[in-house]
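Working through the structure, step by step
Take a look at the letters that make up each chain.
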Amino acid sequence: MPVRSGDGTGRGAWSASRAWGVVVCATVALVAAILSLPAVSRACGAGGTIATGTESARAQSQAELLGVGTPDLVLALTVRDGGARPAVAAGAGVVARVLADEPGVRTVRSAAMGDPWLVSRDGRTGLVTVSLSGSDADRKEAALRLVPKARAAAPGMRVHASGVSWATAEIDRQGAADLLRAELWAAPLIMLLLLLTYGSWAAAALPLVVAVLAVVCCAPLLGLLTHVTDVSAFAVNAAAAIGFGLSIDFTLFVLARYREEHAKGMPRARALDVALATSGRCVFCSALVISSCLVAVAAVPVPLLRALALAGVAVTLLAALAALTVLPAALTLLGDRVDAPTRCAGCAGLPSGGPAGSGGSSPAVSPPGLRRRAWGHWRCWS
């Protein structure tokens, strides 16, 4: 990133037309990524906690091929009026016949088969176990579809669902709800801290713009990875946390140097070139170092850790890319609005000085004067 000519208008300098081109391209990429979010959410699972290539993993695969593996869906049926074994067995048989005809179902076993292991000791609860076919995402979708049908097939019984596929679906649902709640609590606090740090609304919004671009555009990349390896839904949460943190850091590096050079009297175009040539290199090297460390984690034969590492690498590189392209474009278009407030019309004419007897050269300020001063400063910042 060489430094441009002294007037900031050398070849490759950030012009308004070039800045608008970058903004348009970033907007198109963001819209495309948003449209892909539902498909990515369906493709991601919540498993991957077991190491691949181990003896236990190979034994589990062989057991599934023989039809004796761990069932993906387990339904516990209990008669509402306290009926005994015949009613439980009859209800389990009805549910088993309904589920056996559904697509994606490989095998179904129920208490109607006479297996004592599928009936409780008091005879009031029976089990229906279902083995599903397809990927983890396919099994999760099948479980969400089969449980309502099982409850509809046995209206006189309480049907409780469990199993790996149902647990995966519930974990995804609860994780999405918790993430939304955390974001609703954290967003106002983060915005307040950014406003206090950067000093203007426009500058405070820049890290959020970079973060949203990095995190949302990371989702399609994770969707592509689901065709190669198992990607946990927790990888999206990890990408969001890493992306927001790095976006704030990268933006602060560039924006602080840009303001520093402009405060020295340098033209804005020249100050932006210097910031990219210095702090921009820092951002680039930081992204490479972080990505290299995360690539080492991807070598661990645990799908969950591998997915978290790959998500971290993707969002780190995207955050650096946005900080080195979209951020300069935004700084070019915003101009003076990214500067921290100084003494302006909102503060001009307000009384200054310390309280009476403080030894200051200015007269004491009355409480109404303090209120006017505070209001003037708030107008500067807002």
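Counting starts from 1 at the beginning of each chain's written sequence and moves along it residue by residue. Two thresholds apply to this predicted model, a pLDDT of at least 70 for residue-level local features and 80 or more for giving and counting side-chain atom pairs, whereas whole-chain, interface and lining totals are computed over all residues. As a rule here, side-chain values come from all non-hydrogen atoms in the structure, and water together with hydrogens is ignored.

What follows deals with the nonpolar core. Each nonpolar core is a collection of buried residues, namely Ala, Val, Leu, Ile, Met, Phe, Trp, Tyr and Cys, held together in the definition by side-chain atoms within 4.5 Å. Here's how the labels work: a residue is buried when its accessible area is under 20% of the maximum for its type, exposed when over 50%, partly exposed in between, all with a 1.4 Å probe on protein chains only. The biggest cluster of nonpolar side chains holds 43 residues, and the ones touching the most others in it are Phe250, Tyr258, Val283 and Leu331. For helices the rule is a DSSP run of H or I covering at least 4 residues; for strands it is a run of E covering at least 2, with both sets numbered from the N terminus onward. Breaking this core down by element, the ones donating at least two residues are helix H5 (164-198), helix H6 (201-225), helix H7 (234-263), helix H8 (268-297) and helix H9 (303-334). Once residues within four sequence positions are removed from consideration, tyrosine 258 is found in contact with Arg268, Ala271, Leu272, Ala275, Leu331 and Val338. Membership of the second largest hydrophobic core comes to 25 residues, among which are Leu99, Ala111, Leu132 and Ala142. Contacts are residue-level and defined by heavy atoms, with any inter-residue pair within 4.5 Å sufficient.

Predicted coordinates in regions of low pLDDT should not be interpreted in detail. On a scale of 0 to 100, pLDDT captures the predictor's confidence in every residue. In this model, the protein carries an average pLDDT of 78, and 77% of its residues clear a pLDDT of 70 or more. Ignoring residues within four places in sequence, the model shows residues 1-12, a span with pLDDT below 50, making 21 contacts including any to other chains. Contacts from residues 369-375, a stretch scored under 50 in pLDDT, to residues over four places away or in other chains number nine contacts.

A cluster of like negative charges, contributed by Asp136, Asp138, Glu141 and Asp230, occupies part of the molecular surface. Within the secondary structure, aspartate 230 sits in the loop between H6 and H7. When its relative accessible area of 45% is taken as the criterion, aspartate 230 is described as partly exposed. Residues enter patches when they are more than 30% accessible in relative terms and free of salt bridges; like-charged ones are connected within 9 Å and nonpolar ones (Val, Leu, Ile, Met, Phe, Trp, Tyr) within 5 Å. Note that accessible areas follow from Shrake-Rupley with a 1.4 Å probe, and for residues the cover is restricted to the protein chains shown. We count a salt bridge whenever a side-chain nitrogen from Lys or Arg sits within 4 Å of a carboxyl oxygen from Asp or Glu. Neither His nor the chain ends contribute to the count of charged residues, in which Lys and Arg are positive and Asp and Glu negative. Note that the charge is assigned to NZ on lysines, CZ on arginines, CG on aspartates and CD on glutamates.

One can describe the packing of H6 onto H9 by two numbers: an axis separation of 8 Å at closest approach and a directional angle of 140°. By the angle between their axes, H6 is oblique relative to H9. Crossing angle aside, the handedness with which H6 passes H9 is right-handed. Among the residues forming the contact of H6 with H9, the class breakdown is 25 nonpolar, no polar and no charged. All axes here are fitted lines through C-alpha atoms, helices being fitted over the stretch that makes contact, and every angle between N-to-C directions spans 0 to 180 degrees. Roughly parallel covers angles under 35 degrees, roughly antiparallel covers those over 145, roughly perpendicular covers 65 to 115, and oblique covers all other angles. Crossing handedness is read from the near helix: turned anticlockwise from the far helix by less than a right angle, it gives a left-handed crossing, and turned clockwise, a right-handed one. Each residue gets one of three labels, nonpolar for Ala, Val, Leu, Ile, Met, Phe, Trp, Tyr, Cys and Pro, charged for Asp, Glu, Lys and Arg, and polar for the others, Gly among them.

Time to look at the sheet that holds strand S2 (residues 105-110). Strands pair in a sheet through their backbones, by hydrogen bonds, and they do so in one of two ways: parallel or antiparallel. The sheet built from four strands is open, its strands ordered S2-S3-S1-S4 with antiparallel pairing. Of all the strands in the sheet, just S2 and strand S4 (157-162) have a single pairing partner and so form its edges. The average angle at which neighbouring strand axes cross in this sheet is 20°, direction not considered. Paired strands, in this sense, are two strands between which DSSP finds at least two bridges. For strand S1 (residues 73-79) and S4, the ladder comprises six bridges, and the chain directions are antiparallel.

Let us look at H7. When the terminal C-alpha atoms of H7 are compared, their 43 Å separation across 30 residues agrees well with the 44 Å that a helix rising 1.5 Å per residue should span. Once H7 finishes, glycine 265 follows within two positions and takes phi at roughly 100°, a positive value. Take the residue count of a helix, subtract one, and multiply by 1.5 Å to get its expected span.

Time to look at the pattern of salt bridges. Oppositely charged side chains can form a pair if their charged atoms are brought close together. This model, assessed by the stated rule, comprises eight salt bridges. The partner of glutamate 170 in a salt bridge is arginine 173, with the nearest N and O atoms 3.0 Å apart. Of the two residues, glutamate 170 and arginine 173 both sit in helix H5, three residues apart, roughly one turn of that helix. When its relative accessible area of 28% is taken as the criterion, glutamate 170 is described as partly exposed. Under the relative-accessibility criterion, arginine 173 is labelled partly exposed at 47%. With a closest N to O distance of 2.6 Å, aspartate 336 and arginine 268 form a salt bridge. Taken as a pair, aspartate 336 in the loop between H9 and helix H10 (367-381) and arginine 268 in helix H8 lie far apart in primary sequence, 68 residues in all. Judged by its relative accessible area of 56%, aspartate 336 falls in the exposed class. For arginine 268, a relative accessible area of 19% puts it in the buried group. Each of Arg257, Glu260, Glu261 and Lys264 takes part in one network of salt bridges that share partners.

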